Amino acid sequence: MKFVDGPNMGLDWLPFSFQKEPMDIAQDRSTKKIVLQSCSQLLKTTVLQSIAFNLMANDPCNFAFGSSSESEVKKFKDGKFLPAIETSSVLKPLVTDKNDKNAANNSKQTQMINGTFIYWLNLNTPGNLRGITTRVVLLDEVSTCEITDEGNPIKLAEARTSTFGSDSLVVVSSTPLYKDDLINAEYNLSDKRRYFITHICGHEYTFEWEQVAFEFKTLENGRAIPDSTTTRLICPHCNEEIDEHTRHQMIDGGRWIATNKEGEPGVVGYQISRMYSPLNTITEMVSKFADALYNFNLQTFYNNELGLPYEDEYQKELDILQLESLREDEFNLHNIPESTLGICISVDQQLDRNEASILGFDEKNIYVLGHEFFYGHDCTKIESTAWADLDKFCRQDFRTVDGRLVPTLAVFVDSSNGNATDTVKKFTARWAKYHPIKGSSSTTGDLFKTSTQAGYQLQILNVHDQKNTIRKLLNLMLSTEADNAPVKLRFSSTLPSDYFEQVSAEELKPAGGKLVWRLKKGQKRNEALDCLVYGMIAIVYAQSQLGTQPFRKLREHKVQESTKYNINKVEEPITKPEKKQTRRRTGMGSNWFGK
Ligand SMILES: [Zn+2]
């Protein structure tokens with residue numbers, strides 16, 4: 001039989017040296033589970049298919065193949081699995097014809113001539129894992145599967161084999177995404193086999209990225225990236241350079257060795273990186289590494305090239321005690337820093353209250369000045385006093401410590417609660433500074449985007465992106481690099497006592513094939529985080545409305561207000577004509593400053 005896709009397309013089905021053991025060990029009845037944590041196109045799919053082909057030909061039984069989505073399952077089935085069978089004179093006659101009326105073939109199952117079935121499972125719909133019984137389940141791309149209320153999809157799939165006891169076999173495979181994701185957790189419970197190679201100097205070890213040496217080159221824009229033409233693979237023991245030919249020979253003569261004695265009995269795990277691939281050179285990997293560094297996308301390099309989970313700044317646990325230390329006594333709603341150029345307010349609507357965060361900003365700081373509650377009976381109704389109180393609050397004059405009036409530039413009001421959409425629409429019609437908003441479920445796209453789909457202007461916000469930014473800024477604020485932050489996120493000590501608990505209430509979790517922010521287990525409230533997200537996007541939005549040099553405009557306005565304040569102190573009536581004149585002079589931005 002032949003490979004039908006990928007780099008080996010058209011070649012005979014001959015496994016690489018490191019693919020053989022995982023295939024063979026599947027036939028060993030003491031093997032309960034095989035875990036394959038690997039970069040793409042190196043270990044997983046070939047091993048999964050080979051195990052399946054062997055079952056079909058030599059050990060017929062029902063088995064199931066599962067992946068992270070319906071399209072992934074279909075891609076595997078129609079793009080790899082069935083076409084490969086077509087190339088084999090042994091396997092082809094075993095499968096019923098898809099047009100055979102007597103066979104029960106559909107998108108969920110394929111029938112064999114001998115009456116056994118292959119079941120095709122979408123692991124993200126746990127419902128379709130019920131009702132089938134198989135001796136073997138083969139799972140791919142489990143890292144992008146989600147643990148739902150119904151449970152861990154791997155465990156649910158495993159449960160399908162329970163009637164077969166020690167005869168059952170589960171193969172779990174994936175490119176890892178991040179530490180302790182579904183594949184990494186499974187690998188950590190296994191005996192953690194690594195592929196050891198022996199250099200001509202006699203030392204046996206594993207290939208690691210640190211053994212790759214290269215020079216850096218400086219680009220025209222001043223940034224330095226690895227120069228792949230200088231790539232050298234170095235033996236960590238004799239320090240000799242290993243050429244491609246020697247690397248291939250070392251791989252051919254390598255062997256798997258378990259590195260975890262505490263692994264669960266019968267659970268074998270394999271992890272391998274592209275440094276072992278006979279299909280690419282180390283130079284090509286360095287070129288990908290340079291690309292990843294340049295694009296700040298090291299996660300992709302770790303996952304897809306090294307076959308390793310990546311722990312980046314988003315996944316680091318935020319320490320609440322450390323966050324608490326960010327509270328500052330020097331400013332709050334009544335002591336707005338003199339440098340403040342504008343105010344934005346963000347509102348989260350709940351049934352019994354509206355919550356609002358008030359953010360002030362200048363070029364280098366975002367001050368979270370306060371977080372206020374407006375209670376009322378049934379806030380889904382515009383008649384609720386919570387809306388009247390909020391209205392009054394937002395329209396007040398915000399003044400700095402020296403008494404200068406700071407313009408309120410935008411008030412973002414969340415309208416994602418379907419029961420309150422109409423109320424938010426009515427409320428935001430009251431003042432030009434009010435904008436109804438809605439968080440997008442998509443993780444890509446613009447930070448804010450005007451939609452008129454509902455018949456009125458609604459700002460659709462990329463909350464995912466903003467949550468990434470907030471997490472980055474918080475990590476930066478807690479690091480020794482705080483002074484180098486492009487903008488400092490600063491918090492008033494007057495914020496509610498559980499403010500930081502709410503701001504750190506979410507974590508990145510895989511869902512539907514991507515990472516999304518979700519409430520951590522045990523956390524219920526995240527309104528403060530939502531308000532911070534909306535408020536920070538409101539600031540970007542307000543700046544975008546002020547033309548190409550928003551800060552210049554805001555500084556000019558600040559000077560005018562300061563002058564006016566001085567005049568105010570001398571003689572009150574002069575201010576009105578002065579104000580009108582000012583408005584005309586400032587041009588397009590003026591409407592944003594005026595009340
Ligand atoms: Zn050596």
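A brief report on the enclosed structure follows. (Residues numbered from 1 in each chain as written. Predicted model: local features only at pLDDT ≥ 70, side-chain atom pairs only at ≥ 80, totals over all residues.)

### Some words on the environment of I34
Put simply, the rule is: What counts as a helix is a DSSP run of H or I of at least four residues, what counts as a strand is a run of E of at least two, and both are numbered from the N terminus. Any residue surrounded by 20 or more other C-beta atoms within 10 Å of its C-beta is treated as buried, while 12 or fewer makes it exposed and the intermediate range makes it partly exposed; C-beta atoms here are placed from the backbone. Our contact criterion uses C-beta atoms placed from the backbone: two residues qualify when those atoms are within 7 Å.
Checked against the element boundaries, I34 lands in strand β1 (residues 33-38). Looking at I34, the number of C-beta atoms within 10 Å reads 26, which means it is buried. For the pair I34 and V268, spaced 234 residues apart in the sequence, the C-alpha separation amounts to 5.0 Å. If sequence neighbours within four positions are ignored, I34 has contacts with P22, I25, A26, V171 and V268.

### Focus on the pairing of strand β21 (residues 434-439)
Operational definition: For two strands to pair, DSSP has to find at least two bridges joining them. By the criterion used throughout, a crossover qualifies as right-handed when its path from the first strand across the helix to the second strand runs clockwise, the strands pointing away from the viewer.
In this sheet, β21 lies alongside strand β20 (residues 408-414) in parallel orientation, the contact comprising four bridges. Its bridge partner lying in β21, V411 is registered against Y434. Taken together, β20, helix α11 (residues 421-428) and β21 form a β-α-β motif whose crossover is right-handed. Both β21 and strand β23 (residues 458-461) contribute to a ladder of three bridges, which runs parallel. Across the sheet, residue G439 finds its bridge partner in β23, namely L461.

### Description of the nonpolar core
For clarity, the threshold we go by: By definition, a nonpolar core groups buried Ala, Val, Leu, Ile, Met, Phe, Trp, Tyr and Cys residues that connect through C-beta atoms lying within 7 Å of each other. Where each domain begins and ends is defined by an automated method or by a domain database.
With 67 residues, the main nonpolar core has L121, L138, L139 and V171 as its most contacted residues. No other element matches the seven residues that helix α2 (residues 44-58) contributes to this core. Both domains that meet at this core, namely domain 1 (1-192 + 260-272) and domain 2 (201-255 + 282-307), each give it at least three residues. Excluding anything up to four places from it in sequence, L138 contacts L48, I51, A52, F63, F65 and V171. Core analysis: the next-biggest nonpolar cluster, separate from the first, contains 60 residues, I343, A386, I470 and V533 among them.

### So, the sheet that holds strand β9 (residues 212-218)
Rules: Here an angle of 0 to 180 degrees is reported between the N-to-C directions of two axes, which are lines fitted to C-alpha atoms, with helices fitted over the stretch in contact.
If you trace the three strands from one edge of the open sheet to the other, you get β9-β10-β11, paired in antiparallel fashion. Strand pairing shows two members of the sheet lacking a second neighbour, β9 and β11 (241-242), which therefore form its edges. Sheet analysis places strand β10 (residues 224-234) next to β11, joined by two bridges and oriented antiparallel. In the strand pairing of β11, L233 is matched with I242. On top of the sheet, helix α7 (residues 282-294) reaches β9 and β10; it is set at about 155 degrees to β10, its chief contact.

### Topic: the packing of helix α12 (residues 463-478) against helix α14 (residues 527-544)
As a reminder, the rule being used: Convention used here: angles under 35 degrees read as roughly parallel, angles over 145 as roughly antiparallel, angles from 65 to 115 as roughly perpendicular, and any remaining angle as oblique. The classification used treats Ala, Val, Leu, Ile, Met, Phe, Trp, Tyr, Cys and Pro as nonpolar, Asp, Glu, Lys and Arg as charged, and all other residues, Gly among them, as polar.
The N-to-C vectors of α12 and α14 enclose an angle of 95 degrees; their axes lie 10 Å apart at closest approach. Between α12 and α14, the angle falls in the class roughly perpendicular. Residues V463, Q466, K467 and I470 of α12 form the contact with α14, whose participating residues are L532, V533, M536 and I537. Residues of the contact of α12 with α14, tallied by class, amount to six nonpolar, one polar and one charged.

### Quick notes on unusual backbone geometry
Not every positive phi belongs to a glycine, and Q41 is a case in point at roughly 55 degrees. For Q41, the location among the structural elements is in the loop between β1 and α2. Positive phi is not limited to glycine here, since E141 has a value of about 50 degrees. Residue classification places E141 among the buried residues on the basis of 24 C-beta atoms within 10 Å.

### Some words on the sheet that holds β21
Ordered by their spatial adjacency, nine strands build an open sheet running β14-β24-β17-β16-β15-β20-β21-β23-β22, and the pairing between neighbours is mixed. Bordering the open sheet on either side are β14 (327-328) and β22 (448-451), each of which pairs with just one other strand. Across four bridges, the pairing between strand β17 (residues 365-375) and strand β24 (residues 488-492) is parallel. Residue pairing across strands places V368 opposite F491, the latter belonging to β24. Here α11 sits on the sheet in contact with β15 (342-349), β20 and β21, set at roughly 150 degrees to β21. The sheet contacts of α12 involve β21, β23 and β24, and relative to β24 the element is tilted by about 80 degrees.

### So, the packing of α7 against helix α8 (residues 298-305)
Following both chains from N to C, one finds α7 and α8 inclined at 150 degrees, their axes separated by 7 Å at the closest point. Between α7 and α8, the angle falls in the class roughly antiparallel. Touching M285, K288, F289, A292 and L293 of α7 are L298, T300, F301 and E305, all from α8. Looking at the contact of α7 with α8 residue by residue, the classes come out as six nonpolar, one polar and two charged.

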